[in-house]
Amino acid sequence: MDIAIENPGSFFSLFYVLAFAFVYVMVIYKSIRWGFHLRSVLLMLTTTTLCTVLGSKLFTIPVTEWVYALQANSHVFTNRSAVGALILAVTGLIISQRIFGFNRPILDLYAWLGPIVLGIIKLGCFLNGCCYGRGTEALWGVRYPTGTPAHFNHWSEGVMEPGMAMSVPVHPVQLYESMALFFIGFIIFRTHKHWNKNLSSILLVTVLFLIMRFSLMFFRDPDSLQFNQVYYFGLNLYQWSMLGGGILMTAVFLFYEKFLQIDWIKGRQNGPYLHADAIYIVFISALLFAFKDLFSFYENIVIWIKFLPAILLSLYYFYTDKRLQPYRWVTSMIVLLPFYVLAQTIPDQKQVINKYHRVDVGGSFGNFSNEVLYNPRSTECGTSYSGQYFESTYWVAGGGYSQIVEKEKTKFTYGANISAGQVSSSGLTTEFSGSKFIFAVNPFVKADRKWYGAGIGFQLGQIPSNNEERIEASNFENAVNTNTFLPELYLRLGPKKYLDADFNYGFLHPSAFPTVFARASIGSGFGISDNYSLRYGRILNLDTNYISAEALITPQLGINVMYIFKEDDPYIPDYQSNSKVVFSLNYRFGQNN
C-alpha cells in the first residue's frame, strides 16, 4: 500500500489536536455528571496537557541541551516521545489531584483515556511517515513518498534505488501500536472498578504501555528512534529500558494493590480553593512563557483551548466571591497575565495591511447610583430642589462595523456602532422602582499615527447618564434622564506599541453609557504591536480606577476586556456599588495588502 498524501505533516497536526479535543470533551462531560467544579477541572486539564506536551519534547532532547531548547525555535526540536509524554502526564495528574482534591473517578477516567489519546495520535504518525517500521514483504507493507522520514532514511542508507519516488515497503507499526493502545484503553475501562486502590488503574496502564512498547520494537525500524542505538544481547538500550521499566512497574503495581496497607493517593471529595486557582494560573503562565519557543503552533492550541476557559471561569469566581472583594485589583492582574503570555505564543506573521474590515460584538453590565433633584423653588439663597437617591442596575449589548485604511504612516478608522440594553432603577429613599429600554447609534472616525492619535464621534438615541439630574418639574418618573445627543472625543500621545497616554470621552464599545463617560489611562503594548495593550487608568466621572487589556488571539480574532473597580459615594446613604465589566470580541476580514 502506498501512502501518497500532500503535506502529510498537516494530518499529524490534525490528529494531534483531535486527540486532545477528545479528552477535553470526555473529561468535561464526566465532570459535569460527577458535580466537579469546572474551573478546577479545566486547570487540571491544562496541567496534564502541558505536562504531556512538555514530556514528549524534553525526553527527546539531551539534558545538556535543555537550556538551549528554551531559546530555540520549535522547528529545531521536532521529535516526540510517547514515554516522556506518559511519565509527565501522570505526574501532572497526580499534582492536580493533590491540589484540587479530585477523587478516584478522575484518576480512572484518565487511565483509560490516556491510551486512546496516544492511539489517535499514532494514526497521524501513520499518515506522516514518522515512527515507521522495519522493511517487510508482507501484503500490508506500506511505502512512503519523497519528503517523509521513511523515504529520506531509506535513500540516505542506500536501501533503495536513487530517484525512486516511494520508499521500500515497511511494517505499518504505527497502526499496530494504535490498535494495541485502543485495546489497552478497553482493558482499563473494563477493569478499573475491580481494583482496591485509587492509583491502581494508572499503574496498570503504565505496565501495559511499557510491555507493548518493548514488544513492538521488534517491528519498528531503529533509525526511526530518537535515541542512541546501543545493543546488548541483541536488544537495543531502548528495548532494555522498556523491559526493565515494565518489570519494575509490575512489581510496584502488585505491591501497591495487594500488600501496601495505606493508599498513596487519598480519595476525597473535590474541594476547590480560589487561592489554588490563582497560584495555578500564575504557575502555568510562567511555564508557557518559558517554553513558548519550544512548542509548535498546534501544541499551543491544545493547551490554550483548556487554559482560556479556565481563566474566564476563574475570573467569574474572583469577581463574584465576596471574600475576594478587597483584592480584586490583585486577582485582575493575575487573570490578565496569561493574555500577555498568549500574545507571545502567537506566530509572528507580520503583514503590511493597507485596508481591512472589522466587526465588533460585546457587552457591559454593572450598577450605579445617582441623585435626582426636582420640584425647583426660589429661596433667599437662590433656587432650591427636593432630592431623592436612586440605585440602578444596567446591561448593554451591541455590535459595530468599521473599515480600517492604512495610508502612508497614518491609520484611519471609519465606523459605527449600535447598542441596546436596559436600566432598572429603585429608590434608596423612596419606594419608586422602574425600568427603561435604552438604545443608541454611534458613528465615529479616528486617525492614528505612531506618536499621536485623535478621533471624534457622537451617540444618538435614548441614552441615560448617572450624573446628578435636575428635573424642572414638581415630580419625577425615573431615576435616569434621557439624552438624545452626546459627543465623543479621543486623544492619544505616545507610541502605543511601547508606552502611551490617552483620554476618552465616550469611545468605548459597545457603549460608554450609562456609566463610563470620561477616562484617562496609560498603557503599553510591550513592544509587540499596536494590536496589544495593557492599560491602567481613571474613570473621571466615577472617581474610580480601571484596568483593561486588548490582544489578538489569532491574526483575525481580537479580544478587549475592561474591569472597573467599585466606587463609593459618601453622599448617598446605605449604598455601595459593585465593580463593572466591559468586554468585546472583534473579527477582521477582507485584508487587502
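Please read all numbers here as calculations on a predicted model, not as lab measurements.

Rules used throughout
Residues numbered from 1 in each chain as written. Predicted model: local features only at pLDDT ≥ 70, side-chain atom pairs only at ≥ 80, totals over all residues. Heavy atoms only, no water. pLDDT = per-residue confidence, 0-100. Helix = DSSP H or I, 4+ residues; strand = E, 2+ residues; numbered from the N terminus. Contact = heavy atoms within 4.5 Å. Axes fitted to C-alpha atoms, helices over the stretch in contact; angles between N-to-C directions. Parallel < 35°, antiparallel > 145°, perpendicular 65-115°, else oblique. Left-handed = near helix turned anticlockwise from the far one by under 90°. Salt bridge = Lys/Arg side-chain N within 4 Å of Asp/Glu carboxyl O. Buried < 20%, exposed > 50% of the residue type's maximum accessible area, 1.4 Å probe, protein only. Expected span 1.5 Å × (residues − 1). Polar contact = N/O pair within 3.5 Å; in protein donor to acceptor, adjacent residues only side chain to side chain. Nonpolar A, V, L, I, M, F, W, Y, C, P; charged D, E, K, R; others polar. Disulfide = S-S within 2.5 Å. Pairing = 2+ DSSP bridges. Phe/Tyr/Trp six-rings, centres within 6.5 Å; stacked < 30°, edge-to-face > 60°. Core = buried A, V, L, I, M, F, W, Y, C linked by side-chain atoms within 4.5 Å.

Peer 1: Even after reading the chapter, I still don't get the confidence of the model for the protein, so can you show me in this structure?
Peer 2: Averaged over every residue, the pLDDT of the protein is 81; the share at 70 or more is 81%. Looking over the protein, one finds the lowest element-wise mean pLDDT in strand β8 (residues 469-470), namely 47, and the highest in helix α7 (residues 173-191), namely 94. pLDDT under 50 marks residues 468-474. Its contacts with residues more than four places away, or in other chains, come to 23 contacts.

Peer 1: Hey, could you run me through the packing of helix α5 (residues 104-128) against α7 in this one?
Peer 2: Pairs of packed helices are described in terms of their axes, by the angle between the two and the distance that separates them. Between α5 and α7, the least distance of the axes is 8 Å, while the angle of their chain directions is 165°. In terms of orientation, α5 and α7 fall into the roughly antiparallel class. Where α5 crosses over α7, the two elements pack in a sense that is left-handed. Note on element contacts: α7 touches α5 through Q174, L175, E177, S178, L181, F182, I184, G185, I188 and F189, opposite A111, W112, P115, I116, L118, G119, I120, K122, L123, C125 and F126.

Peer 1: How do you make sense of the pattern of salt bridges when you look at a structure like this?
Peer 2: Close approach of charged atoms allows side chains of opposite charge to pair. As enumerated under the stated definition, the model contains 11 salt bridges in all. Its salt-bridge partner being D500, residue R535 comes within 3.0 Å of it at the nearest N-O pair. Taken together, the residues span a long stretch of sequence, with R535 in strand β12 (residues 533-539) and D500 in strand β10 (residues 500-505) at a distance of 35 residues. For the pair R535 and D500, one class covers both residues: buried. Residue D502 pairs with R535 through a salt bridge whose shortest N-O separation is 3.6 Å. Here D502 is found in strand β10, whereas its partner R535 is found in strand β12, with 33 residues between them in sequence.

Peer 1: Would you take a moment to explain helix α9 (residues 237-259) for this structure?
Peer 2: Helical geometry: 3.6 residues make up each α-helical turn, so side chains three or four residues apart lie on a common side. Along its 23 residues, α9 runs 32 Å from first to last C-alpha, staying within 8% of the 33 Å computed at 1.5 Å per residue. For α9, the complete set of buried residues consists of Y238, Q239, M242, G245, G246, M249, F253, Y256 and E257. Those residues of α9 that are buried lie in contact with α4 (82-100), α8 (200-216) and β2 (235-236). For α9, the N-terminal cap is N236; the gap from its side-chain oxygen to the backbone nitrogen of Y238 is 3.1 Å.

Peer 1: Even after reading the chapter, I still don't get the packing of α4 against α8, so can you show me in this structure?
Peer 2: As a packed pair, α4 and α8 sit with axes 11 Å apart at the nearest point and diverge in direction by 175°. Between α4 and α8, the crossing angle belongs to the class labelled roughly antiparallel. Judged by residue contacts, A82, V83, L86, V90 and L93 of α4 engage I202, T206, F209 and R213 from α8. Looking at side-chain class alone, the contact of α4 with α8 contains 7 nonpolar, 1 polar and 1 charged residues.

Peer 1: So what exactly am I meant to see when it comes to the state of the cysteines here?
Peer 2: If you walk through the whole model with that rule in mind, you get 0 disulfides. Free of any disulfide, C130 has its nearest neighbouring cysteine sulfur in C125, separated by 3.9 Å. Judged by its relative accessible area of 16%, C130 falls in the buried class.

Peer 1: Honestly, the pairing of strand β6 (residues 433-448) in this entry has me stumped. Any pointers?
Peer 2: Both faces of the sheet carry side chains from a regular strand, because those side chains alternate between them. Looking at chain direction, strand β5 (residues 410-427) and β6 are connected through 16 bridges and run antiparallel. Bridge pairing links S426 to S433 in β6. Relative to strand β7 (residues 452-463), β6 is paired through 8 bridges, and the arrangement is antiparallel. For K446, the partnering residue across the bridge sits in β7 and is G455. With antiparallel pairing between neighbouring strands as the criterion, β6 and β7 make up a hairpin whose turn holds 3 residues.

Peer 1: Looking at this structure, I do not really get the packing of aromatic side chains. What am I missing?
Peer 2: The full count for this structure, using the stated rule, is 20 aromatic pairs. For the ring pair Y176 and F219, a centre distance of 5.8 Å and an interplane angle of 80° mean the geometry is edge-to-face. Here F219 lies in the loop between α8 and β1 (231-232) and Y176 lies in helix α7, a separation of 43 residues in the sequence. Judged by its relative accessible area of 35%, F219 is partly exposed. Taken together, a centroid distance of 6.4 Å and an interplanar angle of 15° make the contact between F412 and Y414 stacked. Of the residues examined, F412 reaches a relative accessible area of 26% and is grouped as partly exposed. A residue is classified by how much of its surface remains accessible, and Y414, at 42% relative accessible area, is partly exposed. Ring pairs connect the aromatic residues F12, Y16, F20 and Y298, which therefore count as one cluster.

Peer 1: Would you take a moment to explain the nonpolar core for this structure?
Peer 2: A general feature of soluble globular proteins is that nonpolar side chains tend to end up buried together. Formed by 96 residues in total, the largest nonpolar core has its most connected members in V27, M44, L45, F209, L288, L294 and F295. Here this core gets 15 residues from one element, more than from any other, and that element is α5. Residues within four places of M44 in sequence aside, it is in contact with V27, L93, S96, F100, F102, I106 and Y110. Grouped together as the second largest cluster of nonpolar side chains are 9 residues, V516, Y546, M562 and I564 included.

Peer 1: Could you clarify how one ought to interpret unusual backbone geometry in this entry?
Peer 2: For F507, which is not glycine, the phi dihedral falls at a positive 50°. Along the polypeptide, F507 turns up in the loop between β10 and β11 (518-524).

Peer 1: What is the right way to look at the environment of Q556 in this model?
Peer 2: Tracing the sequence through the fold places Q556 in the loop between β13 (544-552) and β14 (557-564). For Q556, a relative accessible area of 30% puts it in the partly exposed group. The sequence separation of Q556 and R358 amounts to 198 residues, and the corresponding C-alpha distance is 9.0 Å.

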